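As a plain string of letters, each chain reads:
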Amino acid sequence: MPCLNEEKTLGECIQNAYAGLQKLNICGEVVVADNGSTDASKDIALKHGARIVHVSERGYGCALRAGIKAARGKFVIMGDADCSYDFCNLEGFISELRNGSELVCGNRFIGGIEPGAMPFLHQYVGNPVLSYLGKLFHGSSLGDFHCGLRGFSRDRILELGLKCSGMEFASEMIVRAARAGLRISEVPTKLYPDKRDRKPHLNTWRDGWRHLRFLLLLCPKWLFFIPGAVLFIVGLLVSFALFAFGKLHFGAISLGIHTEAFSLCAAFVGSMFLMLSLGARKIGEKLDIFRLNKLERFVIQSFTVERGLVIGGGVIGVGLWLAWISLMAWAEVGFSQVDPKSLMKSVLPSVFLVLFGVQFVVGALFNGLLDLYFSYNKRDN
């Protein structure tokens, strides 16, 4: 149990936990990971027979990591010390663990949420949305990403090397477990109103953002690749259509040279996202955060410094050639005033190709730098 000033509810939680162990005839212990309590929490924990682990580094994740590491059992049940979960009834978790599950998460939306147990915004917006994004981004089948009552194999969870210090630790555990191929299941869990006489440590907007940020940062596919591919493809298609036909008409709406400028801008931004996706996927694999599929590995291995310089240099050359055509067209009228719309048809693609080529070269050099860094890091290890 992570604990920070829980004197009002901690004793009852410890008693219920021991009652749950006795009910299932399990030999176990109650570990309280104290995160710097200034009230009577530590005395209450000792009085009720719990073992205290003192955790100086603040944060929900820090407390749980220290508690899990200090635990001596094969299996660990983690839960908040605010009486919001029923520690007397852990049969579902124990049954799943004994049947081979390596991580068992509670699902409050199936088990039931008592009136007043969860704020409206959390129950109908925050948790459902974040759980959906977790499933979409990371392939997990769990319906409740943030339930605080969980059971797991201690050794398998420690192998994941979890790092998050705050509330996003809950998301990290599921994401890393799914990526590592752990057997994950969930059981219905009832959520009760907590019995604290103070505000919860959870901050709706700050911790909600930390969860969302973590889910995005650990998924370059949705953070970089998909938005980048959409911007790049749509931008190029629109700009090619405008280059070929001059204008596009949709009823009273007429798209021309200005739309082409914005569409090429979108394509360039999309290419930046795609380049970042490539580097992020490579870093993620090297750090053993996730695995690459065959296509991703082929693309990354093919994107060498030498090929990048050749391809990028060729694209820059085409862009400069178009710039030369624009310059000659201007020279034909003695460098005097010229119709900007006709000239921009070659200037805009020229600018885009030069920028895109430079980015391609820089991206290839950066990926080469990553390879060099990881090769030196591998030797040092």
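Look a little higher up for the structure.
Residues numbered from 1 in each chain as written. Predicted model: local features only at pLDDT ≥ 70, side-chain atom pairs only at ≥ 80, totals over all residues. Heavy atoms only, no water.

Chemist: Looking at this structure, how should I read the side chain of Thr 189?
Modeler: Within the fold, Thr 189 resides in the loop between strand E7 (184–188) and helix H9 (204–217). Here Thr 189 is in contact with Tyr 85, Phe 93, Gly 106, Asn 107, Arg 108, Gly 111, Gly 112, Cys 147 and Leu 149, once residues within four sequence places are set aside. (Helix = DSSP H or I, 4+ residues; strand = E, 2+ residues; numbered from the N terminus. Contact = heavy atoms within 4.5 Å.)

Chemist: I would appreciate a short explanation of the sheet that holds strand E4 (residues 75–78) in the present structure.
Modeler: Within a sheet, adjacent strands bond to each other through the backbone by hydrogen bonds, running parallel or antiparallel. Spatial ordering of the open sheet is given by E4-E6-E5-E7, a layout of four strands whose pairing is mixed. Lying at the two open borders of the sheet, with one neighbouring strand each, are E4 and E7. Pairwise comparison of adjacent strand axes, ignoring direction, gives a mean angle of 20° for this sheet. For E4 and strand E6 (residues 150–153), the ladder comprises four bridges, and the chain directions are antiparallel. What sits directly across from Phe 75, in E6, is Ser 153. (Pairing = 2+ DSSP bridges. Axes fitted to C-alpha atoms, helices over the stretch in contact; angles between N-to-C directions.)

Chemist: How should I be thinking about the packing of helix H8 (residues 169–179) against H9 in this particular structure?
Modeler: Any two packed helices are characterised by the angle at which their axes cross and by the distance between the axes. Where H8 meets H9, the axes come as close as 9 Å, and the angle between the chain directions of the two elements is 25°. As summarised for this structure, H8 and H9 are arranged roughly parallel, according to the angle between their axes. You can see that H8 and H9 cross each other, and the crossing is right-handed. For the pair formed by H8 and H9, the contact residues are Ala 170, Ser 171, Glu 172 and Val 175 on the first element and His 211, Phe 214 and Leu 215 on the second. (Parallel < 35°, antiparallel > 145°, perpendicular 65-115°, else oblique. Left-handed = near helix turned anticlockwise from the far one by under 90°.)

Chemist: Before we go on, may I ask you to explain helix H3 (residues 60–70) in this structure?
Modeler: Two residues of an α-helix separated by three or four positions point the same way, owing to the 3.6 residues in each turn. Within the sequence span of H3, burial applies to Tyr 60, Gly 61, Cys 62, Ala 63, Leu 64, Gly 67 and Ile 68. Residues of H3 that are buried in the fold lie against strand E1 (2–3), strand E2 (31–34), E4, E6, helix H7 (154–159) and H8. (Buried < 20%, exposed > 50% of the residue type's maximum accessible area, 1.4 Å probe, protein only.)

Chemist: Sorry if this is basic, but what is going on with the environment of Arg 297 here?
Modeler: Along the polypeptide, Arg 297 turns up in helix H12 (residues 294–302). For the pair Arg 297 and Lys 282, spaced 15 residues apart in the sequence, the C-alpha separation amounts to 8.6 Å. Ignoring sequence-local partners within four residues, the contact set of Arg 297 consists of Glu 285 and Leu 292.

Chemist: Hey, could you run me through unusual backbone geometry in this one?
Modeler: It is generally the case that most residues other than glycine have a negative phi and that most peptide bonds are trans. Although it is not a glycine, Asn 25 adopts a positive phi angle of roughly 55°. Note on placement: Asn 25 falls in the loop between helix H1 (10–23) and E2. Exposure remark for Asn 25: the relative accessible area of 71% places this residue in the exposed category. Positive phi, close to 65°, is recorded for Cys 83, a residue that is not glycine. Turning to its location among the elements, Cys 83 is positioned in the loop between E4 and helix H4 (91–98). A relative accessible area of 8% places Cys 83 in the buried class.

Chemist: What's the story with the pattern of salt bridges in this structure? I'm lost.
Modeler: In total, this model carries 18 salt bridges according to the counting rule given. Across the pair Asp 155 and Arg 154 runs a salt bridge, and its minimum N-O distance is 3.3 Å. For Asp 155, a relative accessible area of 49% gives the class partly exposed. For Arg 154, a relative accessible area of 16% puts it in the buried group. Salt bridges here are not isolated pairs; linked through shared partners, they connect Glu 6, Asp 82, Asp 194 and Arg 196. (Salt bridge = Lys/Arg side-chain N within 4 Å of Asp/Glu carboxyl O.)

Chemist: Help me understand a nonpolar patch on the surface, please; the structure alone is not making it clear to me.
Modeler: A cluster of nonpolar side chains, contributed by Phe 120, Leu 121, Tyr 124, Val 125, Val 129 and Trp 205, occupies part of the molecular surface with about 690 Å² of accessible area. Per-element tally for the nonpolar patch: the top contributor is helix H6 (residues 120–138), with five residues. Along the chain, the position of Tyr 124 falls in helix H6. Residue Tyr 124 is classed as exposed on the basis of its relative accessible area of 52%. (Patch = residues over 30% accessible without salt bridge, like charges linked within 9 Å, V, L, I, M, F, W, Y side chains within 5 Å. Areas by Shrake-Rupley, 256 points an atom, 1.4 Å probe, with all protein chains shown as cover.)

Chemist: Would you take a moment to explain the sheet that holds E2 for this structure?
Modeler: With respect to topology, three strands assemble into an open sheet ordered E1-E2-E3, the strand pairing being parallel. A strand with exactly one partner marks an edge of an open sheet, and here the two such strands are E1 and strand E3 (51–54). When E1 meets E2, the two strands line up parallel, connected through two bridges. Looking at the pairing, Pro 2 lines up with Ala 33 of E2.

Chemist: What is the right way to look at the packing of aromatic side chains in this model?
Modeler: Within a pair of aromatic rings, the relevant descriptors are the distance that separates the centres and the angle that separates the planes. Scanning all chains against the criterion turns up eight aromatic pairs. Pairing Phe 303 with Phe 360 gives two aromatic rings, centres 5.2 Å apart and planes at 80°, and the pair type is edge-to-face. Of the two residues, Phe 303 is situated in the loop between H12 and helix H13 (305–331) and Phe 360 in helix H14 (residues 340–380); the sequence distance between them amounts to 57 residues. An aromatic cluster is built from Phe 232, Phe 303, Phe 352, Phe 356 and Phe 360, whose rings are joined through pairwise contacts. (Phe/Tyr/Trp six-rings, centres within 6.5 Å; stacked < 30°, edge-to-face > 60°.)

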